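Descriptive structure summary
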Amino acid sequence: MVDFIRFTVNGLVGGSFYALLALGLAVIFGMLRVVNFAHGAFYMLGAFGAYLFVNEFGLDFWLALAVVPVALGLVGIVIERAFVHRLTRLDPLYNFLLTFGLTLILQDVVKARYTVSSVTIPPPYPLAADANLGLFHFPAYRVFVFVFAVAVCAGVWWLLARTRIGMVVRASTERPELTRAFGIDVSRWVTPVFGFGIGLAALSGVLAAPTRAISPLMGADLIIVVFAVVVIGGLGSIFGSVLAGFAIGLVQAWGEAYAPAIVSQVLVFLVMAGVLLWRPSGLFGREEQMA
Amino acid sequence: MTTQTDLKPARRPPVGPLLGRVARLPKAAQAGLLALGVGVAVWLPNGIYSGVAMDMLCWALFAVSVDLLLGYTGLLSFGHAAFWGTAAYSTALLAVHAHVVFPIAVLAGAGASAVLALPIGYLAVRRTGIYFAMVTLAFAQMVYYVANEWRSVTGGENGLQGVPRELFGLDLSDTYYLYYAALPIAAAGLFAAWRIVNSPFGRVLVSIRDNPARTRALGYSVRRYKITAFVLSAFLAGLGGGLFAIAHGFVSLDTVHWTTSGEAVIVVVLGGIGTLWGGVIGSVLLVWLEDRLSVAGFTLVGLITGSIFVVVVLAFRRGIWGTVRALFHRERDGRR
């Protein structure tokens, strides 16, 4: 039983990353109808940003957590203005392809500097030790990751639910034409929202840095799982995407604990297959027009 | 644009605007280009290193299989490496363990891919557009994980080595001769793709691409047609993958990796979506380029292919073949 709870906590920590990445993907998709393949690349850049701060500049990890997401969010804004923006009027597939091309470029730029081998950074100061969770000990930093991710998701939820910008984003996610018809200038918010989504990806990257092997390919492998997550949750639903992120984290952790390695790795895709059979538009997605 | 398109919702046009109008070249130009293509294919290994020529052949099949879906059915499969790789592994396993002659092994490998494509296609066609791309990508990643974990069969990260080239005692150890032995198989695959596209079945696919709702109203089972196209496409990709395994003598995890899926899409977009032969040209160019880069000792291939992709998507969406075709036709398409 104690073991089961430990696996569960582990799953929630792993799910935190999925949830944060799915949240950013869903926010961007809602506003721009763009599925951002480069999301994984920015997660990777976030992790390398943390490495850069801690190991090469000798700065504090907490500073990286504050600065790197903002900096990469600004990079995201530049990318939206320079590239993504030009294609938003066309079929969404074009931007998917564009961001795929950007991913290859970003990956290789990092590869040129750090090769394919991975680096690590230690958990930051007051959280380096294990925390006593009553029943068992657990790395304190991982507990922080979960709490922090939930707080960020709740914060974004508050933004979306309670502020004017949130209303615009939600409205244009649900009914883009109608939102325009009400005279709301959706385009004004497109660029900042893209930057914000990228910032969330970078944030999860920084957050992941002390817990995972940092390598140029870490983002792409992860983002494909996140794609499965948002298909399960329904990309149109921000809440559903986040929830599916945590759920898949749990499913994977339990799979790793109780099933052979091969099963645990394909489990998320099997769940996706099941959802496609049962509710093709995702657990929380709206029915889309089917051909 | 005609008035018809104006009636469609501005945000999510059901017509795949990835695709140009179907504009045909004059008959004489068609015949000339066909003759040129056949000539180049026959001459190829005399002009360049035969291993590279062989790769071009395999990738041409791969690209055409992706274009069959993307260009003619309006479905972007971002997971075709699953079928390329599954066929590569199946072909190699047959050749290694059962010493099957290579054309049969390749056909069987392609068949294995087609079998795998049935459940994946069945599930994936439940979604359209960008979701279809994500779902196929995810399923391909699943195949990758299976290939990675199932070490006793696939060799995991070491790959599957020592794939023989058997053909009734003929000595095919020189890739130059293998190329000519493989050429008929590739040609048959490309011809089949051309026949599919120009058959009544192919017309239904195009109509699904352009207006799925109306196609269904006409009484066609859109889903069944899509699944059939998906399986056929997987078979073609498998032909390429199987030949690739025979040509290289080993199969690595790269064959099922998502970058391979992406590269297949790159060559199609570069050559021209919905042009069939454009993908062939794109493959030839990309294989040639990657060979030049590796000869020069340049390892950051993604930097180059990624840049090509960004430029093509931003500024050159018709692709090479699409541009050539447009030269022959005054384009009616207002959007560029």
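Residues numbered from 1 in each chain as written. Chains lettered and ligands numbered in written order. Predicted model: local features only at pLDDT ≥ 70, side-chain atom pairs only at ≥ 80, totals over all residues. Heavy atoms only, no water.

**Here's the deal with the overall build of chain A**
Broken down by element type, chain A carries eleven helices and two strands. Taken from N to C terminus, the helices and strands of chain A fall in the order α-α-α-α-β-β-α-α-α-α-α-α-α. Here chain A holds 291 residues, and 57% of them are scored as buried. Sequence separation of at least 24 residues holds for 78% of the intrachain contacts in chain A that already meet a minimum separation of 6. As displayed, chain A has an accessible area near 11700 Å², and 67% of this comes from carbon and sulfur atoms. Both charge centroids of chain A, one from 17 positive and one from 14 negative side chains, sit 8 Å from each other. (Helix = DSSP H or I, 4+ residues; strand = E, 2+ residues; numbered from the N terminus. Buried < 20%, exposed > 50% of the residue type's maximum accessible area, 1.4 Å probe, protein only. Contact = heavy atoms within 4.5 Å. Areas by Shrake-Rupley, 256 points an atom, 1.4 Å probe, with all protein chains shown as cover. Lys, Arg positive; Asp, Glu negative; His and termini not counted. Charge placed at Lys NZ, Arg CZ, Asp CG, Glu CD.)

**A word on the pattern of salt bridges**
According to the stated counting rule, one finds six salt bridges over all chains in the structure shown. When the shortest N-O distance is used, the salt bridge between Asp108 of chain A and Lys111 of chain A registers 3.4 Å. Taken as a pair, Asp108 of chain A and Lys111 of chain A lie in helix α4 (residues 92–114) at a separation of three residues, close to a single helical turn. Across the pair Arg209 of chain B and Asp210 of chain B runs a salt bridge, and its minimum N-O distance is 2.9 Å. (Salt bridge = Lys/Arg side-chain N within 4 Å of Asp/Glu carboxyl O.)

**Digging into the packing of aromatic side chains**
A complete count under the given rule lists 38 aromatic pairs over all chains for this structure. Measuring from centroid to centroid gives 5.1 Å for Phe96 of chain A and Phe78 of chain B, while their planes differ by 80°, and the two rings are edge-to-face. With one member in each of two chains, Phe96 of chain A in helix α4 and Phe78 of chain B in the loop between α3 (50–70) and α4 (81–97) form a pair that bridges those chains. Among the aromatic residues, those joined into a ring-pair cluster are Phe37, Phe96, Phe100 and Phe227 of chain A together with Phe78, Trp258 and Phe309 of chain B. The ring centre of Tyr114 of chain A lies 4.8 Å from the NZ or CZ of Arg113 of chain A, which sits over that ring. (Phe/Tyr/Trp six-rings, centres within 6.5 Å; stacked < 30°, edge-to-face > 60°. Lys NZ or Arg CZ within 6 Å of the ring centre and 35° of its normal.)

**Things to note about the nonpolar core**
Counting 208 residues, the largest nonpolar core has Phe96 of chain A together with Phe78, Phe102 and Leu243 of chain B as the members making the most contacts within it. Considering each element in turn, this core owes the most residues, 16 residues, to α3 of chain B. Leave out the neighbours within four places in its chain, and Phe78 of chain B touches Phe37, Phe96, Leu97 and Phe100 of chain A together with Ala133, Thr136, Leu137, Ser261, Gly262 and Val265 of chain B. (Core = buried A, V, L, I, M, F, W, Y, C linked by side-chain atoms within 4.5 Å.)

**Observations regarding a nonpolar patch on the surface**
Together, Phe239, Leu243, Leu277, Trp278, Leu283 and Phe284 of chain A together with Tyr122 of chain B give the surface a local cluster of nonpolar side chains, amounting to about 730 Å² of exposed area. Looking at the nonpolar patch, the elements that each hand over two or more residues are α10 (238–258) and α11 (261–278) of chain A. (Patch = residues over 30% accessible without salt bridge, like charges linked within 9 Å, V, L, I, M, F, W, Y side chains within 5 Å.)

**Re the interface of chain A and chain B**
Of the residues lining the interface, 56 residues belong to chain A; the matching set on chain B comes to 53 residues. Taken together, both faces of the contact between chain A and chain B bury some 5200 Å²; the carbon and sulfur share is 74%. Run the count over chain A and chain B and you get zero salt bridges. In this structure, the connection of chain A to chain B is made through seven residue pairs in polar contact (both at pLDDT 80 or more). At the level of secondary structure, the elements contributing two or more residues to the side of chain A that touches chain B comprise α1 (2–32), α3 (61–87), α4, α7 (176–181), α9 (218–233) and α11 of chain A. Sort the elements by how many residues they give to the side of chain A that touches chain B and α4 of chain A lands first, with 16 residues. (Buried area = accessible area lost by both parts, 1.4 Å probe. Polar contact = N/O pair within 3.5 Å; in protein donor to acceptor, adjacent residues only side chain to side chain.)

**Topic: α4 of chain B**
Residues and elements named next belong to chain B. If you check α4, its first and last C-alpha atoms are 23 Å apart, about what 17 residues at 1.5 Å a residue would give, namely 24 Å. Counting buried positions over the 17 residues of α4 gives 13, a clear majority of the element. Positive backbone phi, at 50°, marks His99, one or two positions downstream of α4. (Expected span 1.5 Å × (residues − 1).)

**Side note on α10 of chain A**
Taking 1.5 Å as the rise per residue, α10 of chain A with 21 residues should run 30 Å; its terminal C-alpha atoms sit 30 Å apart, in good agreement. The N-cap residue of α10 of chain A is Ser237 of chain A: its side-chain oxygen and the backbone nitrogen of Gly240 of chain A are 2.8 Å apart.

**Structural notes on the confidence of the model for chain B**
All names here are of chain B. For chain B, per-residue confidence averages 85 on the pLDDT scale, and 90% of positions sit at 70 or higher. By mean pLDDT, helix α1 (residues 3–6) is the weakest element of chain B at 32, and helix α11 (residues 222–248) is the strongest at 95. Counted against residues more than four places away or in other chains, residues 1–21, with its pLDDT under 50, gives 33 contacts. Below pLDDT 50 for its whole length, residues 331–336 participates in 13 contacts with residues either more than four positions away or in separate chains. (pLDDT = per-residue confidence, 0-100.)

**Quick notes on the side chain of Asn148 of chain B**
Residue and element names in this part refer to chain B. You can see Asn148 is positioned in helix α6 (residues 129–149). Relative accessible area serves as the criterion here: at 13%, Asn148 is assigned to the buried category. Not counting residues within four places of it along the chain, the set of residues in contact with Asn148 comprises Gly156, Glu157 and Leu253.

**Quick notes on the packing of helix α9 (residues 200–210) of chain B against α11 of chain B**
All names here are of chain B. Where α9 meets α11, the axes come as close as 10 Å, and the angle between the chain directions of the two elements is 115°. Regarding the angle of α9 to α11, the classification is roughly perpendicular. The interaxial crossing formed by α9 with α11 has left-handed handedness. Here Phe201, Val204, Leu205 and Ile208 of α9 lie close against α11, whose contacting residues are Val222, Tyr225, Lys226, Thr228, Ala229 and Leu232. Grouping the amino acids of the contact of α9 with α11 by side-chain chemistry returns eight nonpolar, one polar and one charged. (Axes fitted to C-alpha atoms, helices over the stretch in contact; angles between N-to-C directions. Parallel < 35°, antiparallel > 145°, perpendicular 65-115°, else oblique. Left-handed = near helix turned anticlockwise from the far one by under 90°. Nonpolar A, V, L, I, M, F, W, Y, C, P; charged D, E, K, R; others polar.)

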